[in-house]
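Architecture at a glance
One-letter residues, chain by chain:
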Amino acid sequence: LLPPRLFGPRVGAVTRRHLSHGVFNGFALACALGGYACIFANHRQTGASQLGLDVLNNPARVMHVVIGYAVLLLLLIQAGSGVARLYFVAFRGKVVMKFHGVLGRMVY
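Residues numbered from 1 in each chain as written. Predicted model: local features only at pLDDT ≥ 70, side-chain atom pairs only at ≥ 80, totals over all residues. Heavy atoms only, no water.

Things to note about the layout of surface pockets
Put simply, the second largest pocket is a space of about 330 Å³. If you trace the second largest pocket, you find 18 residues lining it, with Y36, I39, H64, V65 and G68 closest to the centre. Elements represented by at least two residues in the lining of the second largest pocket include exactly α2 (16-46) and α3 (59-92). For the lining of the second largest pocket, the leading source of residues is α3, giving 7 residues. A breakdown of the residues in the lining of the second largest pocket according to their chemical character gives 9 nonpolar, 7 polar and 2 charged. (1 Å grid on protein atoms, 1.4 Å probe; cavity = no way out; pocket = protein on both sides within 12 Å on 5 of 7 lines; lining within 4 Å. Points joined across faces, edges and corners; volume = space filled by probe spheres on them. Helix = DSSP H or I, 4+ residues; strand = E, 2+ residues; numbered from the N terminus. Nonpolar A, V, L, I, M, F, W, Y, C, P; charged D, E, K, R; others polar.)

This is the structure in structure tokens:
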């Protein structure tokens, strides 16, 4: 089957599975940041608030903005901790950022 070959074995320090995990989630982060950049540019063109604080916005819209920024922040933390974790495992042989697995399940 293709998935076991693509994602690598479950043993070893840094496997294809770890690298493909990083690449795919890097693409997810890039898409999220690209989407945010498009929304930011649109709000700049129309003069709308970047934080959803326009007078006519209802509370649901404001919560949408707050949740969106929270998710972007968590994605950035997740990506940074993933890079650090991979670096320390590959080059130092130490396991750091143990929250990475739990945060990943919460964010994604």
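Still to come is the rest of the account.
Notes on the nonpolar core
Core analysis: the largest hydrophobic core is formed by 5 residues, namely L29, L72, L75, L103 and V107. Listing elements by their share of this core, those giving two or more residues are α3 and α4 (100-107). Residues in contact with L103, not counting those within four places in the same chain, are L74, I77 and Q78. (Core = buried A, V, L, I, M, F, W, Y, C linked by side-chain atoms within 4.5 Å. Buried < 20%, exposed > 50% of the residue type's maximum accessible area, 1.4 Å probe, protein only. Contact = heavy atoms within 4.5 Å.)

Some remarks on the packing of α3 against α4
Where α3 meets α4, the axes come as close as 10 Å, and the angle between the chain directions of the two elements is 145 degrees. Where α3 crosses over α4, the two elements pack in a sense that is left-handed. Contact residues: L74, L75, I77, Q78, S81, G82 and R85 in α3; H100, L103, G104 and V107 in α4. Here the residues of the contact of α3 with α4 sort into 5 nonpolar, 5 polar and 1 charged. (Axes fitted to C-alpha atoms, helices over the stretch in contact; angles between N-to-C directions. Left-handed = near helix turned anticlockwise from the far one by under 90°.)

Things to note about the packing of aromatic side chains
All told, the structure shown has 4 aromatic pairs when counted by the stated rule. Ring centres 5.6 Å apart and planes at 70 degrees place the aromatic pair Y36 and Y69 in the edge-to-face group. One end of the pair, Y36, is in helix α2; the other, Y69, is in helix α3, and 33 residues separate them in sequence. Between Y87 and F91 the ring centres are 5.3 Å apart and the planes differ by 45 degrees, which places this aromatic pair in the tilted class. (Phe/Tyr/Trp six-rings, centres within 6.5 Å; stacked < 30°, edge-to-face > 60°.)

Some words on α4
Helical geometry: 3.6 residues make up each α-helical turn, so side chains three or four residues apart lie on a common side. Within α4 the residues assigned to the buried category are H100, L103, G104 and V107. Down the axis of α4, the buried set is contained in an arc of 105 degrees. They therefore lie on one face. Exposed side of α4, more than 90 degrees from the buried face: V102, R105 and M106 are the residues found there. Where the residues of α4 are buried, they touch α2 and α3. (Arc of directions from axis to C-beta.)

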